[in-house]
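Inside the fold
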Amino acid sequence: MRVYQYERGGQDSPVWIEISDRGLRFSNKHASTGEIAFSDLRALRYAHVHSPHRTDYSLLLCATGKTFELNYVKFRLSGAEPDREQAFNRAMAAILMVIGQARPDLKVISGHAPVTRWLHFGCFVLPGLFALALSLIMFVETGGLPYAIPALGFGLASMLAAYAARPWRRQDRMAPGDLAALFEGDLKPVLPLGAPQPG
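Cut-offs applied
- Every residue gets a number counted from 1 within its own chain, in the order that chain's sequence is written.
- Residues qualify for local features only when their pLDDT is at least 70, as the model is predicted, and side-chain atom pairs are given and counted only at 80 or more; totals for whole chains, interfaces and linings, by contrast, use all residues.
- As a rule here, side-chain values cover all heavy atoms of the structure and leave hydrogens and water aside.
- What we call a nonpolar core is a set of buried Ala, Val, Leu, Ile, Met, Phe, Trp, Tyr and Cys residues that are connected through their side-chain atoms within 4.5 Å.
- For the exposure calls, accessible area comes from a 1.4 Å probe over protein chains only, and a residue counts as buried if that area is under 20% of its type's maximum, exposed if over 50%, partly exposed in between.
- Strands are runs of DSSP state E lasting at least two residues, helices are runs of H or I lasting at least four, and both sets are numbered from the N terminus onward.
- Residues are treated as being in contact if the distance between any of their heavy atoms lies within 4.5 Å.
- Stacked, edge-to-face and tilted are the three classes for Phe, Tyr and Trp ring pairs, Trp counted by its six-membered ring, which pair at centre distances within 6.5 Å; planes under 30 degrees apart are stacked, over 60 edge-to-face, the rest tilted.
- Candidates for patches are residues over 30% relative accessible area with no salt bridge; among them, like charges are joined within 9 Å and nonpolar side chains (Val, Leu, Ile, Met, Phe, Trp, Tyr) within 5 Å.
- Here the Shrake-Rupley method, with its probe set to 1.4 Å, supplies the accessible areas, and only the displayed protein chains count as covering residues.
- For this document, the term salt bridge refers to a Lys or Arg side-chain nitrogen within 4 Å of an Asp or Glu carboxyl oxygen.

1. Things to note about the nonpolar core
Membership of the largest hydrophobic core comes to 33 residues, with the highest contact counts inside it found for I17, L61, L70, M92 and I99. Residue assignment for this core shows that the elements contributing at least two residues are β1 (2-6), β2 (15-19), β3 (23-27), β5 (41-50), β6 (54-63), β7 (66-75), α1 (82-102) and α4 (176-185). Residue contributions to this core peak at 10 residues, all from α1. Beyond its immediate chain neighbours, meaning those up to four positions away, I17 contacts R2, V3, Y4, Y6, R25, F26, L70, A91, M92 and I95.

Take a look at the structure:
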């Protein structure tokens with residue numbers, strides 16, 4: 001059995017992940033938070049969300065009746081945290097590698113779930129359509145031009161953001177081992193994967 005630990009960020013406690021031949025067990029400093037057998041896995045999903053202050057990375061392990069999320073938060077204002085980031089990369093590489101070996105039939109889906117993507121699309125397309133309609137009304141009204149131009153700009157920007165979401169697009173898929181190799185590539189070549197860390 002191999003054990004990996006990483007800190008998600010913020011006030012969250014560290015996450016411990018135990019990898020066995022049969023599956024994964026997750027825990028924090030308080031108690032076990034669950035386990036999942038490789039045979040129960042139905043889908044894998046990896047996604048990230050960017051905002052001005054932080055970037056959230058999530059690996060979702062979906063099984064029958066339950067989903068586990070392994071997430072990591074990268075804060076922009078606090079600067080680089082290479083040790084914390086490497087610990088996350090090391091854990092994700094190990095998890096994906098062993099899943100790829102145990103379940104070669106599974107692929108990792110890139111991006112958010114369909115419901116989230118359609119909500120993202122709706123949050124932009126509805127205000128965009130409203131703003132475009134308002135700009136057309138203002139264009140034909142006397143003295144409405146100063147109001148029509150900002151509404152048109154907002155409407156076009158919203159429609160471009162909605163088009164970027166495009167929830168009907170087929171999401172990219174890749175083998176767990178290929179994604180593991182990408183995580184492994186972000187590690188500094190100091191110690192072999194899974195080796196105990198100094199200190």
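Moving on from the model shown.
2. Comments concerning the packing of aromatic side chains
Inspection of the entire model under this criterion finds 6 aromatic pairs. Relative to F68, the ring of F26 lies with its centre 4.9 Å away and its plane at 35°, an arrangement referred to as tilted. In this pair, F26 sits in strand β3 while F68 sits in strand β7, placing the two residues 42 residues apart along the sequence. Pair check on accessibility: F26 and F68 agree, each one buried. With 4.8 Å between their ring centres and 15° between their planes, Y72 and F88 make a pair best called stacked. With a gap of 16 residues between them, Y72 in strand β7 and F88 in helix α1 connect regions that are remote in the sequence. Of the residues examined, F88 reaches a relative accessible area of 2% and is grouped as buried.

3. So, a nonpolar patch on the surface
Where nonpolar side chains cluster on the molecular surface, the patch consists of L136, F139, V140, L145, I149, L152 and L156 and spans about 680 Å² of accessible area. Looking at the nonpolar patch, the elements with two or more residues in it are α2 (114-140) and α3 (145-165). Among the elements that make up the nonpolar patch, the one with the highest residue count is α3 (4 residues). Given a relative accessible area of 46%, L145 falls into the partly exposed group.

Purely geometric stuff here, so don't read any function into it on its own.
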